[in-house]
Number of protein chains: 2
Amino acid sequence: MRLLLLSNSINPGGAYLQHALAAVEKINRRRAIFIPYAGVTIGWDDYLNKVRQALAPIGIHVDGVHQSDDPVAAIQGAELILGGGGNTWRLLQLVRQHGLLEAIRAKVAVGTPYIGWSAGTNLACPTIRTTNDMPIVDPKGFDALNLLPFQINPHYNNELPAGHQGETRSQRIAEFTRINPDMPVLGLPEGDWLEVDGQQTVLCGPKPALLFKEGNEPREIHAGDLSFLMARQIEATPGTRGTE
Amino acid sequence: MRLLLLSNSINPGGAYLQHALAAVEKINRRRAIFIPYAGVTIGWDDYLNKVRQALAPIGIHVDGVHQSDDPVAAIQGAELILGGGGNTWRLLQLVRQHGLLEAIRAKVAVGTPYIGWSAGTNLACPTIRTTNDMPIVDPKGFDALNLLPFQINPHYNNELPAGHQGETRSQRIAEFTRINPDMPVLGLPEGDWLEVDGQQTVLCGPKPALLFKEGNEPREIHAGDLSFLMARQIEATPGTRGTE
């Protein structure tokens, strides 16, 4: 299994996906299928063009799954699958409606790389229950691609805007782990990403990530080998995850 | 119908529910049933005690719905219903599991006042699709109490923490209105609340609220009469709201 899971698409002062280009290049594919469904206030063709322009300098041609009359076949024929950012709820709703959850899982299982950022990273998790996004649609089930035995919280940041009395991100994740004590959550700061290649999983990027597990204080994880987390048994099967 | 819907429970430097005491007192009830289900990392008895202490100075005695063997009967016998803050997903999940959605709706329809803050305010809306909370559990449906013909986004604030590249709150709400063009959203800043009394709806508090509707720029609404929004026809019925 080959995955590249980014917290975010743009670093301050950077261009779209720029901070990830070297990692994308290492994956060494020439053609990709892009899933633009998380885009809500951007047209999918415009979104596709943005991703095309970002990946053209490293010689990757990108097609949009939305351009195909048969999205399942488009995924089945993919050399590389790209799950773009935006609204995670909308992404999961449409991926499910088009029958792509199983199609993507099956392709990734036989070695087709998956690259996700932001909402696309949430989609790779067991469920989307650690998204930051507003639930603008009901995806009819929270189960996602389940490519990892843990959850990622993208754009991890524990700061609150001045004067704000709501929960911090860490408090929100602590609520998740209280209700779902068997499921760790990796808070992935902006600028960071995970590279999964077979048995090896590596955390990359400038900032430490934060690992949340019920019964433990959140633990800082610095760039480097994360295979211990990936090797973890998935303790529940789809539909029985957590305490629900 | 009598509602008091608060954005938040604590203002900077204030005590729990302190900024709302005069508005609560106006409702003129002596006994209340409190719904603590949104509390995840606080025990429900502790949460009840916190609310008891907050409302004791204005002579309201509070019991917890969780203390009753028959929560539906507890709601049916209530003089005043309190929906507390915390995690909106957990609140809706447990309110639904205990059969309280219909029980609360029925009581409010015959004049029993409902007071909500934060998650409890989300619960009063047609759906919880404008919550800010992390979806730590699947509530098995997003439909909520549907006491209003519009959505409220509590803790409304458009600031981002320094360095954060994710969506602003206004961008998130714009995604909602794009997908759900018939449903306005009132961004309710901390410190503000709505008072609904029969045909009259009033926005109270120090900051302007922001009204989002697809096809229009967000509009600042200052403290005062909001009955135009409350009088709005509910254009869809439960199960057919939005475009899903």
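Conventions we followed
- Position numbers for residues count from 1 along each chain, tracking the sequence in the order it is written.
- Chain labels run from A onward and ligand labels from 1 onward, assigned in the order the entries are written.
- pLDDT decides what is reported in this predicted model: residues at 70 or higher carry local features, side-chain atom pairs at 80 or more are listed and counted, and totals for whole chains, interfaces and linings draw on all residues regardless.
- No hydrogens and no water enter the side-chain calculation; it runs on all heavy atoms of the structure.
- UniProt positions are given in the numbering used here, feature names are shortened, and annotations may be inferred rather than shown by experiment.
- Note on conventions: DSSP H or I runs of at least 4 residues are helices, E runs of at least 2 residues are strands, and numbering of each starts at the N terminus.
- Both definitions apply: the radius of gyration is a C-alpha atom measure, and the globule rule equals 2.2 Å times residues to the power 0.38.
- Accessible area is worked out with a 1.4 Å probe on protein chains only. A residue is then buried under 20% of its type maximum, exposed over 50%, and partly exposed in between.
- The contact criterion used is simple: two residues touch if any of their non-hydrogen atoms lie within 4.5 Å.
- A 1.4 Å probe and the Shrake-Rupley method give the accessible areas. Residues count as covered only by the protein chains that appear here.
- Throughout this description, the term salt bridge denotes a Lys or Arg side-chain nitrogen within 4 Å of a carboxyl oxygen of Asp or Glu.
- The criterion for an aromatic pair is that two Phe, Tyr or Trp rings (for Trp, the six-membered ring) have centres within 6.5 Å, with stacked assigned to planes under 30 degrees apart, edge-to-face to planes over 60 apart and tilted to the rest.
- Only residues with pLDDT of at least 70 in both copies count here: their C-alpha atoms drive the least-squares fit that superposes the copies.
- Pairs of strands are assigned from DSSP output, requiring at least two bridges between the strands.
- Axis angles are defined between N-to-C directions and span 0 to 180 degrees, where every axis is a line fitted to C-alpha atoms and, for a helix, only to the segment in contact.
- Here, expected helix span is obtained from the residue count minus one, scaled by 1.5 Å.
- By arc we mean the arc of the directions from the helix axis to the C-beta atoms, nothing more.
- By convention, the term buried area covers the 1.4 Å-probe accessible surface removed from two parts as they join, with the contributions of both added.
- Amino acids outside the nonpolar list (Ala, Val, Leu, Ile, Met, Phe, Trp, Tyr, Cys, Pro) and the charged list (Asp, Glu, Lys, Arg) are all regarded as polar, and Gly is one of them.
- Every angle not falling under 35 degrees, over 145, or within 65 to 115 is termed oblique; those three ranges are roughly parallel, roughly antiparallel and roughly perpendicular.

- Looking at an unreviewed UniProt entry, one finds chain A named dipeptidase E and attributed to Verminephrobacter eiseniae.
- UniProt annotates chain A under Subcellular location (unreviewed entry) with the comment "Cytoplasm".
- Per UniProt, chain A carries the Catalytic activity (unreviewed entry) text "Dipeptidase E catalyzes the hydrolysis of dipeptides Asp-|-Xaa. It does not act on peptides with N-terminal Glu, Asn or Gln, nor does it cleave isoaspartyl peptides."

1. Description of the overall build of chain A
- What chain A contains, in helices and strands, is eight helices and twelve strands.
- In terms of overall dimensions, chain A is globule-like: its C-alpha atoms have a radius of gyration of 17 Å, near the 18 Å expected for 244 residues.
- Taking all 244 residues of chain A together, the buried fraction comes to 60%.
- Considering only contacts in chain A between residues 6 or more positions apart, those separated by 24 or more positions represent 68%.
- Accessible area of chain A: about 9300 Å², with a carbon and sulfur share of 48%.

2. What to know about the pattern of salt bridges
- Evaluated as defined, the whole model comprises 18 salt bridges over all chains.
- Here Arg52 of chain A and Asp63 of chain A are joined by a salt bridge, their closest N and O atoms 3.4 Å apart. On the criterion of sequence distance, the pair formed by Arg52 of chain A in helix H2 (residues 44-55) and Asp63 of chain A in strand E3 (residues 61-64) is long-range, its members being eleven residues apart.
- With relative accessibility at 25%, the residue Arg52 of chain A sits in the partly exposed group.
- We note a salt bridge from Arg178 of chain B to Glu214 of chain B, for which the minimum N-O separation is 2.9 Å. Of this pair, Arg178 of chain B sits in helix H7 (residues 169-179) while Glu214 of chain B sits in the loop between strand E10 (209-212) and strand E11 (219-221); the two residues are 36 residues apart in sequence, bridging distant segments of the chain.
- Residue Arg178 of chain B is classed as partly exposed on the basis of its relative accessible area of 39%.
- One network of salt bridges, in which partners are shared, links Arg31, Arg52 and Asp63 of chain A.

3. Looking at the packing of aromatic side chains
- Following the criterion strictly, the structure yields 16 aromatic pairs over all chains and no others.
- Taking the centre distance of 5.8 Å and the plane angle of 85 degrees together, the rings of Trp89 of chain A and Phe142 of chain B count as edge-to-face. One end of the pair, Trp89 of chain A, is in helix H4 (residues 88-97); the other, Phe142 of chain B, is in the loop between helix H6 (119-124) and strand E6 (151-156), on a second chain.
- For Phe142 of chain B, a relative accessible area of 3% gives the class buried.
- Every member of this aromatic cluster is reached through a ring pair, and the members are Tyr16, Phe34, Tyr47 and Trp117 of chain A.

4. Structural notes on the relation of the copies chain A and chain B
- Mapping chain A onto chain B calls for a rotation angle of 180 degrees and an axial translation of 0.0 Å; the resulting RMSD is 0.0 Å. A rotation of that kind, with that shift, is consistent with a two-fold axis. Considering only C-alpha atoms, the part of chain A nearest the rotation axis is Pro161 of chain A, at 2.5 Å.
- The residues that chain A uses at the interface reappear at the interface of chain B in 100% of cases, marking a shared surface.

5. Some details on the sheet that holds strand E8 (residues 193-197) of chain B
All names here are of chain B.
- Judged by pairing direction, the sheet is mixed, and its eight strands sit side by side in the order E3-E2-E4-E5-E1-E8-E9-E12 without closing on themselves. The open sheet terminates on both sides in strands that have one partner only, identified here as strand E3 (61-64) and strand E12 (224-225).
- In this sheet, E12 lies alongside strand E9 (residues 200-204) in antiparallel orientation, the contact comprising two bridges. In the sheet register, Leu203 faces E12, and the bridge partner there is Gly224.
- Each of strand E2 (31-35), E3, strand E4 (81-83) and strand E5 (114-117) is contacted by helix H2 (residues 44-55), which is oriented at about 165 degrees to E3, the strand it contacts most.

6. Section: H2 of chain B
All names here are of chain B.
- Across its twelve residues, H2 extends 16 Å between first and last C-alpha, which sits within 8% of the 16 Å expected from 1.5 Å per residue.
- Listed in full, the buried residues belonging to H2 are Tyr47, Leu48, Val51, Ala54 and Leu55. Along the axis of H2, the buried positions cluster into a sector of 125 degrees, meaning they face one direction only. Away from its buried face by more than 90 degrees, H2 exposes Asp46 and Gln53.
- Where the residues of H2 are buried, they touch helix H1 (21-27), E2, E3, E4 and E5.

7. Here's the deal with the interface of chain A and chain B
- If you look at the interface, chain A gives 47 residues, while chain B gives 48 residues.
- Between chain A and chain B, roughly 3800 Å² of surface is buried when both sides are summed, and carbon and sulfur atoms account for 59% of that area.
- Summed over the three residues of chain A that lose the most area to chain B, namely Met134, Gln165 and Glu175 of chain A, the buried surface amounts to 17% of that side.
- Our count for the chain A to chain B interface comes out at two salt bridges.
- Across the pair Asp133 of chain A and Arg172 of chain B runs a salt bridge, and its minimum N-O distance is 3.3 Å.
- Mapped onto the side of chain A that touches chain B, the elements with two or more residues apiece are H4, strand E6 (151-156) and helix H7 (169-179) of chain A.
- Broken down by element, the side of chain A that touches chain B gets its largest block of residues, eight residues, from H7 of chain A.
- For the side of chain A that touches chain B, the residue count by class is 17 nonpolar, 18 polar and twelve charged.

8. Structural notes on the sheet that holds strand E7 (residues 185-189) of chain B
Residues and elements named next belong to chain B.
- Read across the sheet, four strands follow the order E6-E7-E10-E11 without closing on themselves; strand pairing throughout is mixed. At either margin of the open sheet sits one strand with a lone partner, and together these are E6 and E11. If you compare each strand with its neighbour and ignore which way they point, the axes differ by 25 degrees on average.
- Summarising the sheet, E6 and E7 pair through four bridges and their orientation is parallel. Paired with Asn153 across the strands is Gly187, a residue of E7.
- Each of E6, E7 and E10 touches H7; the most contacted strand, E6, lies at about 170 degrees to it.

9. Let's talk about the packing of H4 of chain A against helix H5 (residues 100-109) of chain A
All names here are of chain A.
- Between H4 and H5, the least distance of the axes is 6 Å, while the angle of their chain directions is 85 degrees. In terms of orientation, H4 and H5 fall into the roughly perpendicular class. For the pair H4 and H5, contact is made by Leu92, Val95 and Arg96 and by Leu100, Leu101 and Ile104, respectively.
- A per-class count over the contact of H4 with H5 returns five nonpolar, no polar and one charged.

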